[in-house]
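# Analysis of the macromolecular model
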Amino acid sequence: MAQRAKCVRSAERRCTLTLRTSHAVTVAHAAQHFGRATGTIRCWASRYHARRLGRVGREVVYDLRDLALIEREIRNGRPVPMTWQARADLISN
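As the structure is a prediction and not an experimental result, all values here were calculated from the model. (Residues numbered from 1 in each chain as written. Predicted model: local features only at pLDDT ≥ 70, side-chain atom pairs only at ≥ 80, totals over all residues. Heavy atoms only, no water.)

### Focus: the environment of Thr83
As for its placement among the helices and strands, Thr83 is situated in the loop between helix H3 (64–75) and helix H4 (84–87). Judged by relative accessible area, Thr83 falls into the partly exposed class, the value being 34%. Separated by 35 residues in the primary sequence, Thr83 and Tyr48 have C-alpha atoms spaced 6.1 Å apart. (Helix = DSSP H or I, 4+ residues; strand = E, 2+ residues; numbered from the N terminus. Buried < 20%, exposed > 50% of the residue type's maximum accessible area, 1.4 Å probe, protein only.)

Now the structure itself:
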């Protein structure tokens, strides 16, 4: 189910972003989900080029599945593929 989120870019322009609520997370939500610090999630997102789904206001929204795969690979001591496209095949595993 899609949820529409609105953000105001300026007084004249508005943007809307359609999010899949089950897979779209902010850094704060991801940190709470994984029990990690927000800095850790930002580090993963930057280092491994986590898939960005867009922005809501000033918050960047990431794909929870991609962050979960990054966390899984780190936890298991395996190398993390450097792009979300390279990780796409691993999501179903």
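### Points about H3
With twelve residues, H3 ought to run about 16 Å at 1.5 Å a step, and its terminal C-alpha atoms sit 16 Å apart, in line with that. Listing the buried residues of H3 in full gives Leu64, Asp66, Leu67, Leu69, Ile70, Glu71 and Glu73. Here the buried face of H3 lies against strand S3 (24–25), helix H1 (27–34), helix H2 (38–47), strand S5 (59–63) and H4. At the N-terminal end of H3, a side-chain oxygen is found 3.0 Å from the backbone nitrogen of Arg65, two or three residues along, and the residue is Asp63. Following H3 by one or two positions, Gly77 has its phi on the positive side, about 75°. (Expected span 1.5 Å × (residues − 1). Contact = heavy atoms within 4.5 Å. Polar contact = N/O pair within 3.5 Å; in protein donor to acceptor, adjacent residues only side chain to side chain.)

### With respect to the environment of Asp63
Position of Asp63 among the secondary structure elements: in strand S5. Between the C-alpha atom of Asp63 and that of His23, which follows or precedes it by 40 residues, the distance is 5.4 Å. Residues in contact with Asp63, not counting those within four places in the same chain, are His23, Arg51 and Leu53.

### Comments concerning the packing of aromatic side chains
Applying the stated rule across the entire model yields one aromatic pair. Considering the side-chain rings of Phe34 and Trp44, the 6.0 Å spacing of their centres and the 65° angle between planes classify their relative orientation as edge-to-face. Of this pair, Phe34 sits in helix H1 while Trp44 sits in helix H2, and the two are ten residues apart along the sequence. Residue Phe34 is classed as buried on the basis of its relative accessible area, which comes to 16%. When the ring centre of Trp84 is taken as reference, the NZ or CZ atom of Arg51 above it lies at 4.4 Å. (Phe/Tyr/Trp six-rings, centres within 6.5 Å; stacked < 30°, edge-to-face > 60°. Lys NZ or Arg CZ within 6 Å of the ring centre and 35° of its normal.)

### Examining unusual backbone geometry
Non-glycine residue His49 carries a positive phi angle of around 50°. Within the element layout of this structure, His49 appears in the loop between H2 and strand S4 (52–56).

### A word on the sheet that holds S4
What the three strands build is an open sheet, ordered S3-S5-S4; its pairing is antiparallel. Both edges of this open sheet fall to S3 and S4, since each of them pairs with a single strand only. Pairing geometry for S4 and S5, over four bridges, is antiparallel. In the strand pairing of S5, Gly54 is matched with Val61. (Pairing = 2+ DSSP bridges.)

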